[in-house]
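The lines below spell out each chain.
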Amino acid sequence: MSVLDFDLSDRDFWARPMSEREEAFERLRSLGTPAFFEEAEMAYMPKGPGYYALVRHADILEASRNPEVFCSGDGGATNIPDMPAEFAEYFGSMINMDDPRHARLRRIVSRAFTPKMIKQFESDVEAAAVGIVDDLLAKGPGCDFVTEVAARLPLKIICDMMGIPERDYQFVFDRSNIILGGFDPEYTGGDLDQLAERLLNAGMELQQLVQDLAAHRADHPTGDLTSSLVNANIDGERLTMQELGSFFILLVVAGNETTRNAISYGMRLLTKNPDQRALWLEDIDGRAPGAVEEIVRLASPVNFMRRKTTRDFEMNGHLYRKGQKVVLFYWAANRDASVFDDPLRFDITRHPNPHVGYGGPGPHFCLGAHLARREITVMFRELLRRVPGIEAGKPDRLHSSFINGIKHMECTF
Ligand code: HEM
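Reading the values: the criteria
Residues numbered from 1 in each chain as written. Predicted model: local features only at pLDDT ≥ 70, side-chain atom pairs only at ≥ 80, totals over all residues. Heavy atoms only, no water. Core = buried A, V, L, I, M, F, W, Y, C linked by side-chain atoms within 4.5 Å. Buried < 20%, exposed > 50% of the residue type's maximum accessible area, 1.4 Å probe, protein only. Contact = heavy atoms within 4.5 Å. Helix = DSSP H or I, 4+ residues; strand = E, 2+ residues; numbered from the N terminus. Donors = N, O, S within 2.8 Å, 3.2 Å for Na, K, Ca; no water. Polar contact = N/O pair within 3.5 Å; in protein donor to acceptor, adjacent residues only side chain to side chain.

An unreviewed UniProt entry lists the chain under the name Cytochrome, with [Actinomadura] parvosata subsp. kistnae given as the organism.

**Let's talk about the nonpolar core**
Formed by 137 residues in total, the largest nonpolar core has its most connected members in Leu8, Phe25, Phe145, Trp280, Phe329 and Leu383. What leucine 383 contacts, discounting residues up to four positions off in sequence, is Val133, Leu136, Phe145, Val149, Pro388 and Ile390.

**Section: unusual backbone geometry**
Each neighbour pair has its own omega, and for aspartate 99 with proline 100 the value is 5 degrees, a cis peptide bond. As for its position among the elements, proline 100 is in the loop between α3 (85–91) and α4 (101–112). Here the residue pair histidine 351 and proline 352 is connected by a cis peptide bond, since its omega of -5 degrees sits within 30 degrees of zero. Note on placement: proline 352 falls in the loop between α17 (330–333) and α18 (369–386).

**Section: the coordination of the iron atom of the ligand**
From the protein, the iron atom of the ligand takes a single donor atom, Cys366 (SG), 2.3 Å away. Along the chain, cysteine 366 falls in the loop between α17 and α18.

**Comments concerning the side chain of lysine 407**
Along the chain, lysine 407 turns up in strand β10 (residues 406–408). Classification of lysine 407 as buried rests on a relative accessible area of 9%. Side chain to side chain, lysine 407 and aspartate 184 meet in a polar contact 3.0 Å long. In this structure, lysine 407 is in contact with Asp144, Val146, Asp184, Glu186, Tyr187, Asp396, Arg397 and Leu398, ignoring residues within four places of it in sequence.

See below:
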């Protein structure tokens, strides 16, 4: 990049302080046209042709509304380089597909993933949050908020929904950390040349876990999601074992690594903004919906998704050529001052709050948004009621361009 003094494809950029990231994206939003970046060299993927960074709210909305132009399937949405073929077995689920295949899968799984199904788990979410706060109080101040609080709720809920026993929680957690560990040595083992192998292994192990469970549920169904999915027969359509495996991987990864970070960022935001905590404490239930949306806006746990153009297309004054890649930076759109007044301010009463933390309006809008909102609401309700003064220390951030993650964060109360 000639005019910019930073490069989004440089790994080190994503380890810089958040204030520098804010400035860089503000700069990108202020450009008249989307900036183009070369792709990074990666050990296990051929270098691609580069990508446009979409950072404005209006661009992300329009790209999301035109999925037949900005597709997810040609090389994948969860990665900037095209996904190598051997990865598709484990990571090629519906998030990386277009209609009609995407619609077919989403139809099958959303029949199982209904609000009614989620309602069934509501009391489990509440009971789990109570247990987590009981343990926090028993442990006392000084413990790691991420591992002791934020990570536990989504992990337990997604595993319970799927029917995975408690003894396998840690196994699932460790593998989902590897899959979304970015460049972080704590999860990648430090050797990025070995990363492809580690990712494939983690995918294979999770797939094996769900396929074993599914084989059992086929003959002994229970009320869990695995039973519904394995026995789902929508207009004569069923999931194949491979589809079930990759959907399960998508669910555990998407369900764990996102909600956990929203809860951790939420704790940090409350610590930094005592006025907003006081406001929330005045009416814990009444202010929860606004507060939870505002947490997801500022946390933007999923930083971006990628698309590829299927034809030439002009959008907001820029002509995209067929076959070009664009990266939708949700995190940046959620800070667009033309949509959000004083965008860096944490304001739990912000209204309207048309953030794109769960994706833009289109076929890939987060399937778990309803569940995530529920989990974040219940976790904070429990914390604010029983540990109202809890505060978070400095976050130890995940080194990743894809996930805005916090690995560890001490808490005091
Ligand atoms: C705060 C928490 C969460 C955030 C910020 C989040 C974010 C997102 C985003 C940005 C997308 C859009 C992908 C795209 O544009 O291509 C997405 C899709 C998806 N999310 Fe979430 N998510 C969260 C929680 C969850 C949970 C709890 C689950 C499931 C248990 C889940 C399952 C999914 C699935 C299956 C998709 C793919 C949908 C499709 O391609 O049709 N997410 N999520």
